[in-house]
Amino acid sequence: MHRGTLSLAAHRGWRSRLADLLSYPVNPLRNLGAARTVASVLSGAKTSSQVRERLKNEVIQMKEHAPDFRPGLAILQVGGRDDSNLYISMKLKAAAEIGMNANHIRLPQSATEDEVLSNITHINEDPTMHGLIVQLPLDSINPIDVEKVTNAVAPEKDVDGLTSINAGKLARGDLGDCFIPCTPSGCLELIKLTGVKLAGSRAVVIGRSKIVGAPMRDLLLSNNATVTTCHSKTADLQGEVGRADILVVGAGKAEMVKGNWIKPGAVVIDCGINHIPDSTKASGKRVVGDVAYSEAKQVASYITPVPGGVGPMTVCMLMANTVEGAKRYLEKSKPGRGWPIHYTKLNRVEPVPSDIVISRSGTPKHIGCMAKEVGLLSDEVELYGKSKAKVLLSTLGRLKDQPDGKYVVVTGITPTPLGEGKSTTTIGLAQAIGAHLDINVFACVRQPSQGPTFGIKGGAAGGGYSQVIPMEEFNLHLTGDIHAITAANNLVAAAIDARMFHEATQSDKALYDRLVPSNKGVRAFSQVQLRRLQKLGINKTEPNSLTNEEIASFVRLDIQPDTITWQRVMDTNDRFLRKITIGQSSTEKGYTRTTQFDITVASEIMAVLALTDSLKDMRERLGKMVVASSKKGEPVTTDDLGISGALAVLMKDAIKPNLMQTLEGTPVFVHAGPFANIAHGNSSILADKIALKLVGPDGFVVTEAGFGADIGMEKFFNIKCRYSGLRPHVVVLVATVRALKMHGGGPTVTAGVPLPKEYIEENLDLLAKGCSNLRKQIENANMFGVAVVVAVNGFKTDTKAELDLVCSTAKEMGAFDAVKCTHWAEGGLGAVELAKAVQRASQQESHFKFLYPLELPIVDKIRTIAQKIYGAADVELSPEAQYKVEVYTKQGFADLPICMAKTHLSLSHMPEKKGAPTGFVLPIRDIRASVGAGFLYPLVGTMSTMPGLPTRPCFYDIDLDPETEEVNGLF
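Residues numbered from 1 in each chain as written. Predicted model: local features only at pLDDT ≥ 70, side-chain atom pairs only at ≥ 80, totals over all residues. Heavy atoms only, no water.

Caption draft 1: Structural detail: the pairing of strand E15 (residues 441–445). Of all five residues in E15, five are buried, a share of seventy percent or more. In E15, alternate side chains face the same way, and those of Val-441, Ala-443 and Val-445 on one face and Phe-442 and Cys-444 on the other are all buried. Examined bridge by bridge, E15 and strand E28 (residues 700–704) share four bridges and lie parallel to one another. In the strand pairing of E28, Val-441 is matched with Phe-700. Where E15 meets strand E27 (residues 667–670), three bridges bridge the pair, whose relative direction is parallel. Note that in E27 the partner of Val-445 across the bridge is Val-670. (Buried < 20%, exposed > 50% of the residue type's maximum accessible area, 1.4 Å probe, protein only. Helix = DSSP H or I, 4+ residues; strand = E, 2+ residues; numbered from the N terminus. Pairing = 2+ DSSP bridges.)

Written out as structure tokens, the structure reads:
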């Protein structure tokens with residue numbers, strides 16, 4: 001807050017409150033003496049010039065260390081008062097001389113309090129502005145609470161030093177952690193120039209305003225002076241003044257303090273600025289201070305003139321505070337400095353309770369607080385209640401010059417029904433890096449489908465003391481992204497059948513008249529229709545100019561029904577929708593066809609969401625999605641259907657990553673959840689990119705790849721990293737002793753049935769055989785040139801010998817390190833050694849490379865994956881698959897990466913084949929295209945895209961407590 005060069009001039013109230021001071025009698029015994037030396041003049045203009053030169057050099061030094069950096073000052077003004085304009089012009093000039101950026105934000109007189117506060121909030125969060133002053137008075141026709149506005153300025157940008165926080169710190173003597181108001185600060189600089197010893201000196205301050213008097217008192221006290229504050233109610237003001245070694249006057253009354261009031265040899269600092277009549281001046285008035293200058297000069301040892309004394313120092317100290325604010329910002333922004341984040345202490349209980357009990361045992365931070373801790377601005381966050389929020393993509397633009405952090409992907413050995421705990425490891429590792437090593441970290445995970453949550457699998461928030469909270473919100477709806485995908489997907493399905501119906505029942509002319517209707521005699525193509533014309537090679541924009549042949553080409557998609565690949569979806573396990581017949585109503589005139597429903601996360605739109613990197617890119621991908629082929633064999637896209645713009649509208653909020661937190665208060669992005677069989681099974685590129693910018697160059701982003709390394713990790717590298725341009729630093733490969741025993745030939749297990757003795761008793765031979773799967777998955781990761789750290793999830797039935805065997809074998813097989821983890825039971829503490837190993841591995845030189853070039857023919861790319869990743873001898877394509885190879889090559893899709901749709905239970909296509917089988921021939925039953933997402937997916941065997949409900953689904957245990965509104969029985 002700034003009231004001008006000498007801001008007390010605006011305090012008109014002081015004029016009446018101090019008027020009585022003029023009636024104090026002059027001491028007739030005070031003889032100034034003709035022999036006294038005239039006081040030295042403390043020139044603020046000269047001193048401020050020296051200080052400005054120093055500040056200029058400091059700015060130059062800052063730019064040497066950060067070439068693109070300049071200190072920034074924002075001046076917020078309401079209205080356009082002439083005196084305010086004059087003061088602001090002085091500040092802008094001073095800022096320019098020093099080399100700072102100064103931004104003058106002028107609001108009209110009609111500005112409301114809310115508008116002023118909104119602008120302050122925006123500047124508070126602008127990293128290019130390191131100081132903010134609000135020019136007073138606020139020249140608005142609307143009522144504005146000045147105190148509220150004052151305290152809305154962020155304390156770290158309050159270069160006027162007027163917020164309650166800065167004033168409180170100054171009063172406590174915390175001078176190194178606050179901003180001192182500019183006028184008192186300038187006064188102190190001038191006092192120090194005299195060489196007077198402040199400690200022990202008697203100082204008198206006249207005036208007690210928040211701008212000058214009160215902070216001047218606190219500043220002098222902090223320098224060990226003995227201070228008396230005088231004001232309109234002070235008795236014997238003249239007597240108090242006469243005892244002062246140092247006198248600071250800020251009363252706002254012209255020449256109130258007379259020369260014979262002043263102690264001989266005192267230092268006099270005059271903060272007043274007043275106008276009195278003067279006929280010799282062209283303006284009819286002149287400027288004087290609060291001290292009778294000509295008289296006081298004969299008594300004092302040093303005195304400040306008015307003008308030219310304190311005034312220039314006020315502006316100068318404003319610049320000094322801004323430069324100091326910039327220094328503090330640079331210090332906080334240094335590489336290696338962590339977020340100002342508060343981690344949550346776990347209250348662990350043994351034995352470990354259920355996941356839901358653990359989730360509710362802690363109180364999550366308000367998600368707005370979490371967002372601020374990790375460096376997100378308030379206008380980059382959309383709150384969805386107290387525990388989740390969406391983050392806007394504008395964050396990427398703001399942080400575009402910030403170096404990325406380290407990129408870690410968590411994968412696993414080939415999964416078994418026993419579970420290896422990838423999600424739990426992802427969260428436990430993030431908690432260890434953040435809460436225990438105090439390094440910036442983000443976890444990025446997929447959003448779970450409602451189908452498994454109510455079916456048999458349950459949720460996917462992690463487990464034990466390593467999970468995302470609140471787990472109910474994580475697993476139920478979240479912010480509605482999956483529902484948006486359901487709506488968009490089914491809109492496409494409805495559009496396909498409706499278009500086929502209308503083309504079958506109307507002439508070309510009737511179709512054209514309906515597709516391009518006349519509105520008040522004017523016909524016009526929509527944007528999506530213009531794109532279709534361009535695709536057809538019709539370079540016309542006037543609807544009435546098309547020929548009959550062009551009209552026919554434009555209106556007829558001629559979809560071949562048996563080539564339709566687009567299915568309807570829903571986010572519920574419903575086995576009876578796996579094959580259905582549509583169009584049986586009499587209104588559809590006999591146009592029936594067989595189709596099916598998939599689970600929503602199997603929709604190509606979900607894969608598009610996960611692989612896009614901007615709103616524009618998503619819009620283009622949504623338009624490229626191929627839904628069928630025409631009778632001529634040409635691909636039919638959603639753009640051809642005219643629906644791609646509507647899809648983008650439905651998805652405009654879903655594209656924003658969802659922010660949540662772990663049990664220990666580390667940040668998590670939950671975004672996208674593509675099916676890991678027919679899609680790439682990884683969370684979104686956008687979440688990873690934003691997280692990598694937020695953590696900074698020394699931070700970590702830990703993301704998870706679905707299923708085992710042969711599926712999720714391979715697709716992460718060859719598809720996700722190819723489209724994102726990101727390069728991973730470390731692979732964390734999750735394994736368990738009991739799962740490796742199953743790969744070694746151990747008996748099958750059934751959920752809910754007691755484990756056979758092989759899994760609960762030490763059996764080193766069985767374990768050693770099962771390590772063949774571990775070896776292959778380590779080889780697979782190393783094939784991409786990325787360091788591998790094996791995380792061995794420990795269970796109470798594991799023996800030390802078994803754990804040591806896995807760790808030593810993993811290192812012999814080429815892992816950078818192998819570490820036992822207990823994060824399920826201990827949270828981040830149980831993954832600290834894993835975190836340290838990951839940190840060391842991330843410092844290795846990266847040799848990342850893709851498995852195959854995109855230019856390779858489709859079959860050769862499939863063969864490369866099968867042989868190098870799975871261990872197959874060769875591949876065998878069915879006639880249908882071979883036909884699709886020819887079709888997709890002809891249609892121009894041969895350069896897309898490959899996304900294998902294969903069982904996750906074996907490296908081969910045979911689920912029962914555990915370990916690391918070799919020599920088998922991989923059968924390719926069919927090949928399908930997700931052109932919008934950007935991959936081809938060969939089908940190895942039968943892939944179910946609609947799970948079914950078991951005899952006793954999870955929903956039997958789920959209920960809502962009507963009193964507390966808590967969800968019970970979810971886990």
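Caption draft 2: Fine view of the sheet that holds strand E3 (residues 101–107). Spatially, E3-E2-E4 is the arrangement adopted by the three strands of the open sheet, whose pairing is parallel. Two strands in the sheet have a free side with no partner beyond their single neighbour: E3 and strand E4 (131–134). Ignoring strand direction, the axes of neighbouring strands in this sheet form an average angle of 15°. When strand E2 (residues 72–78) meets E4, the two strands line up parallel, connected through four bridges. Among the inter-strand pairings, Leu-73 is bridged to a residue of E4, identified as Gly-131. (Axes fitted to C-alpha atoms, helices over the stretch in contact; angles between N-to-C directions.)

Caption draft 3: Quick peek at the pattern of salt bridges. One pass over the full model with this rule turns up 46 salt bridges. For Arg-286, the salt bridge is made with Asp-278, and the minimal N-O distance between the two is 3.0 Å. Residue classification places Asp-278 among the buried residues on the basis of a relative accessible area of 13%. A salt bridge links Glu-380 to Arg-398, with the nearest nitrogen and oxygen atoms 2.5 Å apart. Remark: Arg-398 occurs in helix H14 (residues 394–398) and Glu-380 occurs in the loop between helix H13 (367–373) and strand E12 (381–383); sequence separation between them is 18 residues. Since its relative accessible area comes to 3%, Glu-380 is described here as buried. Exposure remark for Arg-398: the relative accessible area of 28% places this residue in the partly exposed category. (Salt bridge = Lys/Arg side-chain N within 4 Å of Asp/Glu carboxyl O.)

Caption draft 4: Main features of the packing of helix H3 (residues 82–98) against helix H11 (residues 310–332). Relative orientation of the contacting elements H3 and H11 amounts to 50°, with a least axis distance of 10 Å. Taken together, the axis directions place H3 and H11 in an arrangement best described as oblique. Note on packing geometry: the crossing formed by H3 with H11 is right-handed. The segment H3 lies against H11, with Met-90, Lys-91, Ala-94, Ala-95 and Ile-98 engaging Val-315, Leu-318 and Met-319. Here the contact of H3 with H11 is built from residues that sort into seven nonpolar, no polar and one charged. (Parallel < 35°, antiparallel > 145°, perpendicular 65-115°, else oblique. Left-handed = near helix turned anticlockwise from the far one by under 90°. Contact = heavy atoms within 4.5 Å. Nonpolar A, V, L, I, M, F, W, Y, C, P; charged D, E, K, R; others polar.)

Caption draft 5: Structural detail: helix H29 (residues 764–782). If you check H29, its first and last C-alpha atoms are 26 Å apart, about what 19 residues at 1.5 Å a residue would give, namely 27 Å. The sharpest bend along H29 measures roughly 30° and falls at Gly-770. Along H29, the positions that sit buried rather than exposed are Leu-766, Leu-767, Gly-770, Cys-771, Asn-773, Leu-774, Lys-776, Gln-777, Ile-778, Asn-780 and Ala-781. (Expected span 1.5 Å × (residues − 1). Bend = angle between axes of the 7 residues up to and from the residue.)

Caption draft 6: Examining the sheet that holds strand E8 (residues 267–270) more closely. The sheet built from six strands is open, its strands ordered E1-E11-E8-E7-E5-E6 with parallel pairing. The open sheet has two free edges, formed respectively by strand E1 (40–41) and strand E6 (226–230), since each of these has just one partner strand. By the bridge criterion, four bridges tie strand E5 (residues 202–206) to strand E7 (residues 246–249) in an arrangement that is parallel. By the bridge assignment for E7, Val-204 is matched with Leu-247.

Caption draft 7: Broad picture of the packing of aromatic side chains. Throughout the structure, instances matching the rule amount to 13 aromatic pairs. Aromatic side chains Phe-717 and Phe-784 sit 4.5 Å apart centroid to centroid with 40° between the ring planes, which places their arrangement in the tilted category. Of the two residues, Phe-717 is situated in helix H27 (residues 709–724) and Phe-784 in the loop between H29 and strand E30 (787–793); the sequence distance between them amounts to 67 residues. In this pair, the class of Phe-717 matches that of Phe-784, namely buried. Between Tyr-888 and Phe-893 the ring centres are 6.4 Å apart and the planes differ by 45°, which places this aromatic pair in the tilted class. Phe-893 gets classed as buried once you look at its relative accessible area, which sits at 11%. Linked through ring pairs, Tyr-407, Phe-716, Phe-717, Phe-784, Phe-848 and Phe-850 together constitute an aromatic cluster. One Lys or Arg, Lys-902, reaches over the ring of Tyr-870 and ends 4.7 Å from the middle of that ring. (Phe/Tyr/Trp six-rings, centres within 6.5 Å; stacked < 30°, edge-to-face > 60°. Lys NZ or Arg CZ within 6 Å of the ring centre and 35° of its normal.)

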